[in-house]
Amino acid sequence: MTIHFAAARTPACSPIARALAKRATSRAANDNGGLVPNDDVLKAALRHFGEHGLSAARVARSNAKDAFFAGDKQAYNWWLSITRTLDKRLAQQFERKIESLGCKDVIDPIG
């Protein structure tokens, strides 16, 4: 009588495992909530991220704060939009802080 070798199936390759496995999503998820910056802001945010790495959003917020207290509305709006592009939550916190100071009327950020 001859002996034949039959390799064991791995559980990952079984037909049942393949049928029960979750399929990969066909589209990437975006957590920006439909907020898409214009190309100029996006390019500037990417360039800023390349210069400052993971602290880019905090640096942009700091630049927005400096521009705000200097009274430069255009620079404030620019840096706030870059902050919003890099970190939406950080930008919202900053806007709330500006509102709590009662300075919202001085400079109106881009909505």
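Not measured: the values here are computed from a predicted model.

Thresholds applied
Residues numbered from 1 in each chain as written. Predicted model: local features only at pLDDT ≥ 70, side-chain atom pairs only at ≥ 80, totals over all residues. Heavy atoms only, no water. Helix = DSSP H or I, 4+ residues; strand = E, 2+ residues; numbered from the N terminus. Buried < 20%, exposed > 50% of the residue type's maximum accessible area, 1.4 Å probe, protein only. Contact = heavy atoms within 4.5 Å. Areas by Shrake-Rupley, 256 points an atom, 1.4 Å probe, with all protein chains shown as cover. Axes fitted to C-alpha atoms, helices over the stretch in contact; angles between N-to-C directions. Parallel < 35°, antiparallel > 145°, perpendicular 65-115°, else oblique. Nonpolar A, V, L, I, M, F, W, Y, C, P; charged D, E, K, R; others polar. Left-handed = near helix turned anticlockwise from the far one by under 90°. Phe/Tyr/Trp six-rings, centres within 6.5 Å; stacked < 30°, edge-to-face > 60°. Expected span 1.5 Å × (residues − 1). Arc of directions from axis to C-beta. Polar contact = N/O pair within 3.5 Å; in protein donor to acceptor, adjacent residues only side chain to side chain.

A.B. asks: Quick question: what am I supposed to make of the overall build of the protein chain here?
C.D. replies: Counting its secondary structure elements, the protein chain contains five helices and zero strands. Mapped from its N terminus to its C terminus, the protein chain presents α and β elements in the order α-α-α-α-α. Looking at the protein chain as a whole, 24% of its 111 residues qualify as buried. Put simply, 58% of the contacts in the protein chain that link residues at least 6 apart link residues at least 24 apart. Working note: accessible area of the protein chain is about 8,700 Å², and carbon and sulfur atoms make up 55% of it.

A.B. asks: Explain the packing of helix α2 (residues 39-52) against helix α4 (residues 73-86) to me, please; I cannot follow it from the model alone.
C.D. replies: Helix packing for two helices is described by the angle between their axes and how far apart those axes are. The contact between α2 and α4 brings their axes to 9 Å, and the two run at 75°. Classified by the angle their axes make, α2 and α4 are roughly perpendicular. Of the residues in α4, those touching α2 at Asp40, Val41, Leu42, Ala44, Ala45, His48 and Phe49 are Trp78, Trp79, Ser81, Ile82, Thr85 and Leu86. Looking at the contact of α2 with α4 residue by residue, the classes come out as nine nonpolar, three polar and one charged.

A.B. asks: Any chance you could explain the packing of α2 against helix α3 (residues 56-70) here in plain terms?
C.D. replies: Running from N to C, α2 and α3 point in directions that differ by 110°, and their axes come no closer than 9 Å. As the angle between them shows, α2 and α3 are arranged roughly perpendicular. As for how α2 packs across α3, the hand of that crossing is right-handed. Between α2, through His48, Phe49 and His52, and α3, the contact on the second element is made entirely by Ala56, Val59, Ala60 and Asn63. Across the contact of α2 with α3, the residue classes break down as four nonpolar, three polar and no charged.

A.B. asks: Sorry, what's going on with the packing of aromatic side chains here?
C.D. replies: Each aromatic ring pair is described using two quantities: the centre-to-centre distance and the angle formed by the ring planes. If you walk through the whole model with that rule in mind, you get three aromatic pairs. Ring plane angle 55° and centroid distance 5.3 Å describe the contact between Phe68 and Tyr76, whose orientation is recorded as tilted. The burial state of Phe68 is the same as that of Tyr76; both residues are buried. Measuring from ring centre to ring centre gives 6.2 Å for Tyr76 and Phe94, while their planes differ by 50°; the resulting arrangement is tilted.

A.B. asks: Just to check I follow, could you spell out α2 for this structure?
C.D. replies: Across its 14 residues, α2 extends 20 Å between first and last C-alpha, which sits within 8% of the 20 Å expected from 1.5 Å per residue. Inspection of α2 places Val41, Ala44, Ala45 and His48 among the buried residues, and these make up the whole buried set. End-on view of α2: buried residues confined to an arc of 100°, all on one side of the axis. Of the exposed residues in α2, the ones pointing more than 90 degrees away from its buried face are Asp39, Lys43, Leu46, Arg47 and Gly50. Its side-chain oxygen at 3.2 Å from the backbone nitrogen of Asp40, Asn38 defines the N-terminal cap of α2. One or two residues past the end of α2 sits Gly53, with phi positive at roughly 65°.

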